[in-house]
Amino acid sequence: MLRLLLAVALALAAAIAARSAPTEGEMIARLIKQLGSDSFAERQRASRQLDRIGEPALTLLRQAADSRDLEVRYRARDLLRGIQRRLYGPRLTLSGHRDGVVSVAVSSDGKRILSGSSDNTIRLWDAQSGEMVRQMEGTRGQVWAVALSPDGKLALAGGQDGKLVLYEVTSGKRVREFPHPQSVRAVAFTPDGKHLLSACYDHKLYLWEARSGKQLRSFPGHKDSIMCLACSPDGRRALTGGAQNDRTVRLWDLETGKQLHMLTGHGERVMGVAFSPDGAQAASASWDGTVRLWDLESGKEVRRLDNHKTHVYGVAFSPSGKHLVSGDQNGALFLWDASTGKHLITYEGHHGDISAVVSDPQGRRLVSCGTDKTVRVWLGPE
């Protein structure tokens, strides 16, 4: 009986201790408060402990980065930069192109990266090791757009010479060419891999049958060259962005050819567009220095992200849709909270313009390319 009572007492004491022990969130909040302590030693101890905690502290540190307390604000911002750089910094740099890299794509399994360059070549890379797997001769001029088929067996490239070229990935051989009246600025596969999309300097979007090479439809409407395009996750719609004399984002029905929405507001050319993973929203990036989020049912602007302060060249959603990534003229890659528009992380490493950005469909990696002749792989928070 005595042993039973002792066991009950010990269990009760443990339960009381557990209830009284601070949670991790409470401990982090206490340490953040100590960042503003009157004692320098206490501020230093709190900084060291938060730095050791790392990723779990980031959410509350981001809130503290806007604190009215000057000491808390500055120390929180320093900790954020340090922890994020350690966790989410560059993982690979792919070098070999002899001129700026204009476009990049990641295979659906995340194992391969495809890049197109102003050196007139297309290169296939191993996404884990960073080694070049294959080089393919591109169009007769700069390669401005590349894409990989959903099954990873085909590659698509378009560029300065007005040709859209389909390649066999394993051999690098050309399968088919799709001629255009002017240069090709953007390309995409539909999610089933049966159709191709291309955006041309003649102001039109084109839809092609991949197997036969037949042109199925053209989509007139833009008043200037189309600089970027994206295909919706369900393969039924496309987004396009126009150059300087147009400055619109347009949503198209691929089956009927009908323009569903014309999204206006950008002050300069639109250089990147992307669908959210659920297809309900779009993001666009422009030389006006902004990234904008749009509701695709209403065609209304939802949010404007304007921290870049310089030309923005590309934008992509993370696979979960929680985050956006965008790249700018100064070589900075910005990560955003898609639901709030809050700027979370700045990735630095490129020397010059970032030409394009994409998210790895398989997880946390982000891929960018730029005028510094490199493709870079970064780790993101999801």
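Rules behind the numbers
- Residues numbered from 1 in each chain as written.
- Predicted model: local features only at pLDDT ≥ 70, side-chain atom pairs only at ≥ 80, totals over all residues.
- Heavy atoms only, no water.
- Helix = DSSP H or I, 4+ residues; strand = E, 2+ residues; numbered from the N terminus.
- Buried < 20%, exposed > 50% of the residue type's maximum accessible area, 1.4 Å probe, protein only.
- Contact = heavy atoms within 4.5 Å.
- Phe/Tyr/Trp six-rings, centres within 6.5 Å; stacked < 30°, edge-to-face > 60°.
- Lys NZ or Arg CZ within 6 Å of the ring centre and 35° of its normal.
- pLDDT = per-residue confidence, 0-100.
- Salt bridge = Lys/Arg side-chain N within 4 Å of Asp/Glu carboxyl O.
- Pairing = 2+ DSSP bridges.
- Axes fitted to C-alpha atoms, helices over the stretch in contact; angles between N-to-C directions.

Enquirer: Got a minute to help me understand the environment of glutamine 215 in this structure?
Expert: Mapped onto the elements of the fold, glutamine 215 is located in strand S13 (residues 215–219). According to the relative accessible area criterion, glutamine 215 is partly exposed, its value standing at 39%. Here the alpha-carbon distance between glutamine 215 and leucine 196, two residues 19 residues apart in the chain, equals 9.4 Å. Apart from the residues within four sequence positions on either side, glutamine 215 is in contact with Tyr206, Leu207 and Trp208.

Enquirer: Please explain the packing of aromatic side chains as it appears in this structure.
Expert: Here the distance between the centres and the angle between the planes together describe a pair of aromatic rings. Here the structure, examined in full by the defined rule, presents 7 aromatic pairs. Geometrically, the ring pair formed by tryptophan 287 and tyrosine 313 is edge-to-face, given 6.0 Å between the ring centres and 70° between the ring planes. In this pair, tryptophan 287 sits in the loop between strand S19 (281–286) and strand S20 (291–295) while tyrosine 313 sits in strand S22 (residues 312–317), placing the two residues 26 residues apart along the sequence. Among the aromatic residues, those joined into a ring-pair cluster are Phe178, Tyr206 and Trp208. Directly above the aromatic system of tyrosine 74 lies the positively charged group of arginine 73, at a separation of 5.6 Å from the ring centroid. The ring of tryptophan 287 has arginine 269 lying over it, and the distance from NZ or CZ to the ring centre is 4.5 Å.

Enquirer: Help me understand the confidence of the model for the protein, please; the structure alone is not making it clear to me.
Expert: As a note on interpretation, predicted positions should not be read in detail where pLDDT is low. Overall, the prediction assigns the protein a mean pLDDT of 92, with 94% of residues at 70 or greater. Confidence drops under pLDDT 50 across residues 13–18; counting only partners more than four residues distant or on other chains, this segment forms 0 contacts.

Enquirer: In this structure, what is going on with unusual backbone geometry? I would like to understand it.
Expert: Trans peptide bonds make up the majority, and among non-glycine residues the majority have a negative phi. Positive phi, close to 65°, is recorded for lysine 309, a residue that is not glycine. In this fold, lysine 309 is placed in the loop between strand S21 (301–305) and S22. Here the phi dihedral of lysine 373 falls at roughly 75°; this positive angle occurs in a residue that is not glycine. Checked against the element boundaries, lysine 373 lands in the loop between strand S27 (365–370) and strand S28 (374–379).

Enquirer: Even after reading the chapter, I still don't get the pattern of salt bridges, so can you show me in this structure?
Expert: If the charged atoms of two oppositely charged side chains come close together, the side chains can form a pair. Evaluated as defined, the whole model comprises 15 salt bridges. A salt bridge links arginine 123 to aspartate 119; the shortest N-O distance between them is 3.9 Å. Among the residues examined, aspartate 119 registers a relative accessible area of 11% and is labelled buried. Three or more residues joined by partner-sharing salt bridges are found here, namely Asp288, Arg292, Glu301 and Arg304.

Enquirer: Mind showing me how you'd approach the sheet that holds S28 here?
Expert: Hydrogen bonds between backbone atoms are what pair the strands of a sheet, whose relative direction is either parallel or antiparallel. Pairing within the open sheet is antiparallel, and its 4 strands lie in the order S1-S28-S27-S26. Pairing within the sheet leaves two strands with one partner each, and these edge strands are strand S1 (90–95) and strand S26 (354–359). Taken pair by pair, the neighbouring strands of this sheet meet at an average axis angle of 20°, ignoring direction. Inspection of the sheet shows S26 paired to S27 by 5 bridges, in the antiparallel sense. Residue pairing for S27: alanine 356 is matched across the bridge by cysteine 369. Packed onto the sheet, helix H5 (residues 70–88) meets S1 and S28 and runs at close to 55° relative to S1.

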